[in-house]
Amino acid sequence: MDVGLRQFVIDAWSWLNYKPVMADAGRPGNRSFPELAATWLPPHELRRLAAYKVLAAYDNNQAGQLAAASGDESALERRELGDAANLVDTALGYLLGSEQKITVEGAEHADEEAPKPGSTEAAAVQERLRKWADKELLTLRVQQAERPAVLLGDGVFVLAWNPEKQRPTLRTYDPGFYFPQWEDEDQDFPSRVHLAWELPEDEDAGLKARVRRVTYELGPILEGAEGEGRVYPWEPGRASNVTCYLTDAEWLLEDLKRGETLDRLPMDKAAFRVRPDGTELNELDLMIDFVPVIHITNTIPDGGEHWGRSSIARVLQGLDELAATDSDSSAASATTGTPIIGLAGARLPVDRATGKPEQLKVEAGAVWQLGDSGRMDALDTSPQLAELRARVEHLLDRVAANSRITAAGLGTLDATEVPSGYALKLALGPLDALVGVMRLAREHKYRLLFKMVQRLHQAGRAEGWTAGESFPARLSWAPHTPTDRAAVLEEVVQAYGAGVLSLETAVAMLMDAGYPIKDASQEVARIRAKAEQEMAARMAEAAARRGEPEGEEEQADERDQEAQRAGAVGETTEREPVSASR
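The following paragraphs examine the structure supplied in this document. (Residues numbered from 1 in each chain as written. Predicted model: local features only at pLDDT ≥ 70, side-chain atom pairs only at ≥ 80, totals over all residues. Heavy atoms only, no water.)

Focus: the packing of helix α4 (residues 119–135) against helix α10 (residues 429–459)
Viewed as axis vectors pointing N to C, α4 and α10 meet at an angle of 95°, and their least axial separation amounts to 11 Å. By the angle between their directions, the pair α4 and α10 is classed as roughly perpendicular. Here V125, L129 and W132 of α4 come into contact with α10, specifically with F450, V453, Q454 and H457. Its residues placed into classes, the contact of α4 with α10 shows 5 nonpolar, 2 polar and no charged. (Axes fitted to C-alpha atoms, helices over the stretch in contact; angles between N-to-C directions. Helix = DSSP H or I, 4+ residues; strand = E, 2+ residues; numbered from the N terminus. Parallel < 35°, antiparallel > 145°, perpendicular 65-115°, else oblique. Contact = heavy atoms within 4.5 Å. Nonpolar A, V, L, I, M, F, W, Y, C, P; charged D, E, K, R; others polar.)

Describing the sheet that holds strand β2 (residues 154–162)
Consider a sheet: its strands pair through backbone hydrogen bonds, and that pairing is either parallel or antiparallel. Pairing within the open sheet is antiparallel, and its 3 strands lie in the order β3-β2-β12. If you trace the sheet from one side to the other, it starts and ends with β3 (167–173) and β12 (293–297), each paired once. Between one strand and the next, the sheet's axes are offset by a mean angle of 25°, whatever the strand orientation. As paired elements, β2 and β3 share 7 bridges and run antiparallel to each other. (Pairing = 2+ DSSP bridges.)

Here's the deal with the pairing of strand β5 (residues 192–199)
For a regular strand, side chains alternate in direction, first toward one face of the sheet and then toward the other. Of all 8 residues in β5, 6 are buried, a share of seventy percent or more. Note that strand β4 (residues 178–181) and β5 share 4 bridges and pair antiparallel. Each residue of the ladder has a partner; that of P180, found in β5, is V193. Here β5 runs beside strand β6 (residues 210–220); their pairing, made up of 8 bridges, is antiparallel. Note that in β6 the partner of L195 across the bridge is V214. (Buried < 20%, exposed > 50% of the residue type's maximum accessible area, 1.4 Å probe, protein only.)

Quick notes on the nonpolar core
Within the largest apolar cluster, 108 residues are counted, with the highest numbers of intra-cluster contacts made by W40, L159, Y216, I312, Y446 and F450. Per element, the largest residue contribution to this core is 11 residues, and it comes from α10. In this structure, W40 is in contact with F179, A196, W197, E198, V211, L253, L256, E260, T261, L262 and L265, ignoring residues within four places of it in sequence. (Core = buried A, V, L, I, M, F, W, Y, C linked by side-chain atoms within 4.5 Å.)

Remarks on a nonpolar patch on the surface
Nonpolar side chains collect at one region of the surface, where L343, L348, L370 and M376 lie side by side and expose about 320 Å² of accessible area between them. Relative to the helices and strands, L348 resides in the loop between β13 (341–346) and β14 (370–378). (Patch = residues over 30% accessible without salt bridge, like charges linked within 9 Å, V, L, I, M, F, W, Y side chains within 5 Å. Areas by Shrake-Rupley, 256 points an atom, 1.4 Å probe, with all protein chains shown as cover. Salt bridge = Lys/Arg side-chain N within 4 Å of Asp/Glu carboxyl O.)

Concerning the packing of aromatic side chains
Applying the stated criterion across every chain yields a total of 8 aromatic pairs. On the basis of an interplanar angle of 75° and a centroid distance of 6.3 Å, the ring pair of W40 and F179 is categorised as edge-to-face. Taken together, the residues span a long stretch of sequence, with W40 in the segment before α1 (46–59) and F179 in strand β4 at a distance of 139 residues. For the pair formed by W40 and F179, the shared burial category is buried. (Phe/Tyr/Trp six-rings, centres within 6.5 Å; stacked < 30°, edge-to-face > 60°.)

A short note on the packing of helix α5 (residues 138–152) against α10
Put simply, α5 and α10 touch, their axes get as near as 14 Å, and they point 135° apart. Classified by the angle their axes make, α5 and α10 are oblique. As α5 runs across α10, the sense of the crossing is right-handed. Residues L138, V142, E146, A149 and V150 of α5 form the contact with α10, whose participating residues are M438, R442, Y446 and F450. Grouping the constituent residues of the contact of α5 with α10 by class yields 7 nonpolar, no polar and 2 charged. (Left-handed = near helix turned anticlockwise from the far one by under 90°.)

So, the side chain of H295
Residue position: H295 is located in strand β12. In terms of polar contacts, H295 uses its side chain to reach the side chain of D154, at 2.8 Å. Once residues lying within four places of it in the same chain are set aside, the contact partners of H295 are D154, G155, Y178, H306, W307 and K445. (Polar contact = N/O pair within 3.5 Å; in protein donor to acceptor, adjacent residues only side chain to side chain.)

Things to note about the pairing of β2
The buried count for β2 comes to 7 of 9 residues, which makes it a mostly enclosed element. One ladder, built from 5 bridges, connects β2 with β12; its direction is antiparallel. Residue pairing for β12: V156 is matched across the bridge by H295. Two successive antiparallel strands, β2 and β3, enclose a turn made up of 4 residues, where Q166 displays a positive phi of approximately 55°.

Re the environment of V104
Mapped onto the elements, V104 comes out in strand β1 (residues 100–104). Judged by its relative accessible area of 6%, V104 falls in the buried class. Along the backbone, V104 and A124 are 20 residues apart, and their C-alpha atoms lie at a distance of 9.4 Å. Apart from the residues lying within four places of it in its own chain, the contact partners of V104 are A122, V125, Q126, L129, F471, P472 and A473.

Some remarks on the side chain of R213
Mapped onto the secondary structure, R213 falls in strand β6. An unpaired buried charge is present at R213: no salt bridge exists, and D263, the closest side chain of opposite charge, is 5.0 Å distant. From its side chain, R213 meets the backbone oxygen of L262 in a polar contact 2.8 Å long. (Lys, Arg positive; Asp, Glu negative; His and termini not counted.)

Considering unusual backbone geometry
Backbone geometry follows two general trends: most residues other than glycine have a negative phi, and most peptide bonds adopt the trans configuration. Of note in the backbone geometry, Q166 takes a positive phi value of approximately 55° without being a glycine. By the secondary structure assignment, Q166 is in the loop between β2 and β3. Given a relative accessible area of 37%, Q166 falls into the partly exposed group. Notably, R404 is not glycine yet its phi reads approximately 70°, a positive angle. Assignment of secondary structure puts R404 in the loop between α7 (382–402) and α8 (407–410). By relative accessible area, which is 34% here, R404 ends up partly exposed.

Quick look at a negative patch on the surface
A cluster of acidic residues, E201, D202, E203 and D204, forms a negative patch on the protein surface. Structurally, the position occupied by E201 is in the loop between β5 and β6. (Charge placed at Lys NZ, Arg CZ, Asp CG, Glu CD.)

Digging into α4
Taking 1.5 Å per residue as the helical rise, α4 with its 17 residues ought to reach 24 Å, and the 24 Å between its terminal C-alpha atoms agrees with that figure. The set of residues buried in α4 consists of S119, A122, V125, Q126, L129, R130, W132 and A133. Down the axis of α4, the buried side of the element spans an arc of 160°, and every buried residue falls inside it. Exposed side of α4, more than 90 degrees from the buried face: T120, D134 and K135 are the residues found there. Packed against the buried residues of α4 are β1, α5, β2, β3, α10 and β15 (473–477). (Expected span 1.5 Å × (residues − 1). Arc of directions from axis to C-beta.)

Keep in mind these values describe shape, not function.
Structure below.
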């Protein structure tokens, strides 16, 4: 017997089960999101796509409209003041820091140390990667991919070789377009990836509604294409029989039948796209042995999961409470500023057309005539308004604490409440841990991104990129919180002066503290060159004070040392016979 119980689901998006649009685990949000009813969408992806839509609604102050679409008409009156977007932007700012920089392991070393084998090549690769990053606007692309990652939990990078530019191009995609195909759950990376989205109907251009699917798939090299396998430049001496194929095609929605989901679209009805050079994008061999798609997760996925979690996932109900309290506060402020007034014994003006008393309005300059026993009472709602405002502050503190961004991180902490810098550091402790986990979740993915960039350069035979293994490169983040630069400078000066720190380490500490140093090795070279100039100037001044020519100071010092040695030898020679006679 059906008793109307909802299905109890625990998965990567269980924190959204309280929303009516997520109540149906099979096909959530059909009424709220008509696009999720598309027949080509895989059923197991619907909850993820519905979660993305809900989170996007919060980010755009449309959570009330979403609730109204699911049946709660009163939600249209909800006031949303950008608290969700503020949390996302704040978390994104702390994640990225003030700058990001590509570093290659072994590219930098102390000047007094002998360079390790391969350090010259590593420095050259680092310089080429940084030039590529400047041309491809890497900082902008990182921003484009990381904001969806912080908001939705996932972000997507796609690399492609551009023969005209002779470099890989980097693009970002909405994670709602990303559909990986896992053949084995134990795999580190999917062997097939779909990027798919719908194209709306365009009556002016005579185009019907379509679905576009871009597929990257690893597969064996076709027979006859290679002899006994293909030797890739990043693995010299080792033949491989695996390559990546690209297919880019479109299907008319009216041609798709129920059951023909994303991975089962009929290829006989596909319209394949064509490159500018006339090549049809139907299983095109990309001449690489990896899928050039990088999936960024905002958090470290749980075991068996592949998706990240939004930074506002755990505080959505708190944001709902904030919106409801703001709405109540707005209503209370209306009755406080324009109070409800009760009149007794007043002579009300009469509408001559209807013969009924006119409604009085509370406005400046209004005069009401009262009788001898007349009375006016005003409803005072200011205590309720003060309570609502206090509740807003309480909810903001609760949301800041549960999101681990903290009140200090959001900037709502009163500076007078912090007794010392150490207390502020403790208050920022949860934020430090949050940023550490977020950066750890991305560490390997950015290493993978730069490895693919190097290999695409090698596959495209770009100038300066020789065959060989890829160098380990990573994305270095700037400190996410301000540092006491004066204290760091004093510590560096004392430690370097005492000889417990090298000059290279001291410069690196200053860079981490936020000093405008672009390159550590160049800064060290400038410091040493300036020290040598100052030493030469002091020696010239000393020589001038003794009245000697500037160029003869070292010769004078050598003559003094030789005279001292000669005197010591003569004294020993005179005393030796006395010792012998004894």
